[in-house]
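So the chains spell out like this:
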Amino acid sequence: MLFNSYIFIFLFLPAALAGYYLINFFKLYRMADLFLIGMSLWFYGYFNPSYLLIICGSIAGNFLVAKGMERAGQRQGIRKLLLVLGISADTAVIFYFKYFDFFIENVNAVFGKSLELQNIVLPLGISFFTFQQISYLADSYRGETKDYTLNEYALFVSFFPQLVAGPIVLHSEVIPQFRDREKRRISMQNLSKGLYIFAVGLFKKVLIADTFGKAVVFGFGTIDSLSSMEALIVSFSYTFQLYFDFSGYCDMASGIGYLFQIELPQNFNSPYKAVSITEFWERWHMSLTRFLRTYIYIPLGGNRKGKIRTYLNIMAVYLVSGIWHGADWTFILWGLLHGMLSCLNRMFQKTWDRLGDVTKWAVTFMIVNVLWILFRAESVASAKLFLFRLGCLSGFGIREELYACFHLQELEYLEKLPVFSYLPARVTGFHLWLFLAGAFFVVLNCRNSREKEFRPNVFNALATVVCIVWSVMSFAGISTFLYFDF
């Protein structure tokens, strides 16, 4: 189920909130947990009920492994064996659903075989809830997850705001909140705050990200005919589409969390303000970065075993990040290039620090923008062609089809008023330039939802209503969140 859909906003979310708080009102706390688990499974299985077998099996299997480690007590051999078996099983599940066909394709290419592809449908969010459970197993091995019940564990994994696109939460962040009886009552402060953040996120997704997405679809579908200016605009469009799509999802997930009195960890912190690749990854998909650092980089030795080992560990982390994002050489190269740049950033940190902030930001932003092309392209060959069109200075013309991607019907109605019609009538492609300039301004100057101190007032109430109503009126072109694919 999508957050940006009629069924979610008008049926699912009101029913989930009403049922959860009504059951808690009668102090039936375990039943309230079971109700929320059931609603989360409905949310997850809405598009494909067969997904429920996968997530339920994953939850049951990982919980049994964790309890086995708990009962093993001080017998480290058994605990380590269970940990290895649990992580291996989780990894095998991801490999089969996400990478098996990719593996077969490469075997066929390298060895000249003709093995049949399975055309496996990737279950939504499998990378997210599997990584979340791997972190739980690692914490269980260290003895940090005692006395959790099955319903608490199932709710920790399946809680629908973060289920299919993150953040990758830790048990210590959410289970204690569900155990807090004070959080089982409605809080008008959190209710208004949650609605406001959800509305802003919905607006980012539906009105901004999806508008940029039209230009992206056009550009990557006509790479061989793009002028250099069109290629630049399309690359910026994908950079901003990904930003507002993921930022919008994070806001919506966070806002829904507040509606249930649950504060989810921050997953997005204005990453295009970063002045280095290292800082970019401290701000982008923060829960994934934390997972890779805590459960891969540090166990490999971190920076404790010399410079060469440190750089190898960094490259390993970014390789895993690339593979995690998708089964294609484009993602692998994207991850390795980010790893290489992070190593270079570390090697020449003093030299880099002597550059001005504006220069550091501009270089970082352009590198991120160029690498997003590889991230979006359907193949390495397509990415190379796009980069060629971008750099060959083949022309500065912009076709009407690209301009048309930014024409919103709502703005056209507004421009019928004389005060709003002057610039659109005189500036070719006014809407395109408006969106690009506005996006740059927002990502560089506006505070994100975690930086703002929310106060219920008339302005925030009006903004909430406008964002929700405008977004709902634009649901005709519903699209999934980009990170659903990962």
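Preceding block: the structure.
Conventions used here
Throughout this document, residue positions are counted from 1 along each chain, in the order its sequence is written. It should be noted that, the model being predicted, local features are given only for residues of pLDDT at least 70 and side-chain atom pairs only at 80 or more, the latter also being counted only at that level, while totals for whole chains, interfaces and linings use all residues. As a rule here, side-chain values come from all non-hydrogen atoms in the structure, and water together with hydrogens is ignored. The way it works is that DSSP assigns letters per residue, a run of H or I at least four long becomes a helix, a run of E at least two long becomes a strand, and they are numbered from the N terminus. Helix span, expected: 1.5 Å multiplied by one less than the number of residues in the helix. Residue burial is assigned from relative accessible area. The probe radius is 1.4 Å, only protein chains are included, and a residue is buried under 20% of its type maximum, exposed over 50%, and partly exposed in between. Here the term cavity refers to a set of points on a 1 Å grid, laid over the protein atoms alone, in which a 1.4 Å probe fits but cannot get out; the term pocket refers to an open set having protein on both sides within 12 Å along at least five of seven lines, with lining residues being those that place an atom within 4 Å of a point. Grid points are joined across faces, edges and corners, and a volume is the space filled by probe spheres set on the points. Amino acid classes used here: Ala, Val, Leu, Ile, Met, Phe, Trp, Tyr, Cys and Pro are nonpolar; Asp, Glu, Lys and Arg are charged; the rest, including Gly, are polar. Counted as salt bridges are all cases of a side-chain nitrogen of Lys or Arg within 4 Å of a carboxyl oxygen of Asp or Glu.

*Asks:* Provide a residue-level description of helix α20 (residues 430-445), including the pertinent values.
*Replies:* Across its 16 residues, α20 extends 22 Å between first and last C-alpha, which sits within 8% of the 22 Å expected from 1.5 Å per residue. Considered for burial, the residues of α20 that qualify are Phe430, His431, Leu432, Phe435, Leu436, Ala439 and Val443.

*Asks:* Quick one: what's the story with unusual backbone geometry, residue by residue and with numbers?
*Replies:* The phi torsion at Lys27 lies on the positive side, around 60 degrees, for a residue other than glycine. With respect to the helices and strands, the residue Lys27 is situated in the loop between α1 (6-25) and α2 (29-45). Phi at His285 is positive, roughly 45 degrees, even though this residue is not glycine. Here His285 is to be found in the loop between α10 (277-283) and α11 (286-297).

*Asks:* Which residues make up empty space enclosed by the protein, and what are the values?
*Replies:* In this structure the tally under the stated criterion is two cavities of 30 Å³ or more. Lining the largest cavity are 14 residues, and of these Cys250, Asp251, Ser254, Asn267 and Arg450 sit closest to its centre. Of the residues assigned to the lining of the largest cavity, the class counts are six nonpolar, six polar and two charged. In this structure, the second largest cavity is lined by Pro271, Tyr272, Lys273, Ala274, Phe280, Thr364, Phe365 and Val368. In terms of residue count, helix α15 (residues 357-376) provides more of the lining of the second largest cavity than any other element does, three residues in total. Looking at the lining of the second largest cavity residue by residue, the classes come out as six nonpolar, one polar and one charged.

*Asks:* Lay out the pattern of salt bridges with the relevant residues and their values.
*Replies:* Throughout the structure, instances matching the rule amount to 16 salt bridges. As a salt-bridge pair, Asp147 and Arg179 come within 3.4 Å of each other at their nearest N and O atoms. Here Asp147, found in the loop between α5 (126-141) and α6 (150-158), pairs with Arg179, found in helix α7 (residues 171-179); they are 32 residues apart in sequence, far enough to count as distant. Among the residues examined, Arg179 registers a relative accessible area of 33% and is labelled partly exposed. A salt bridge links Lys204 to Asp251, with the shortest nitrogen-to-oxygen separation between them at 2.7 Å. Within this pair, whereas Lys204 is found in helix α8 (residues 188-221), its partner Asp251 is found in helix α9 (residues 228-259), the two being separated by 47 residues in sequence.

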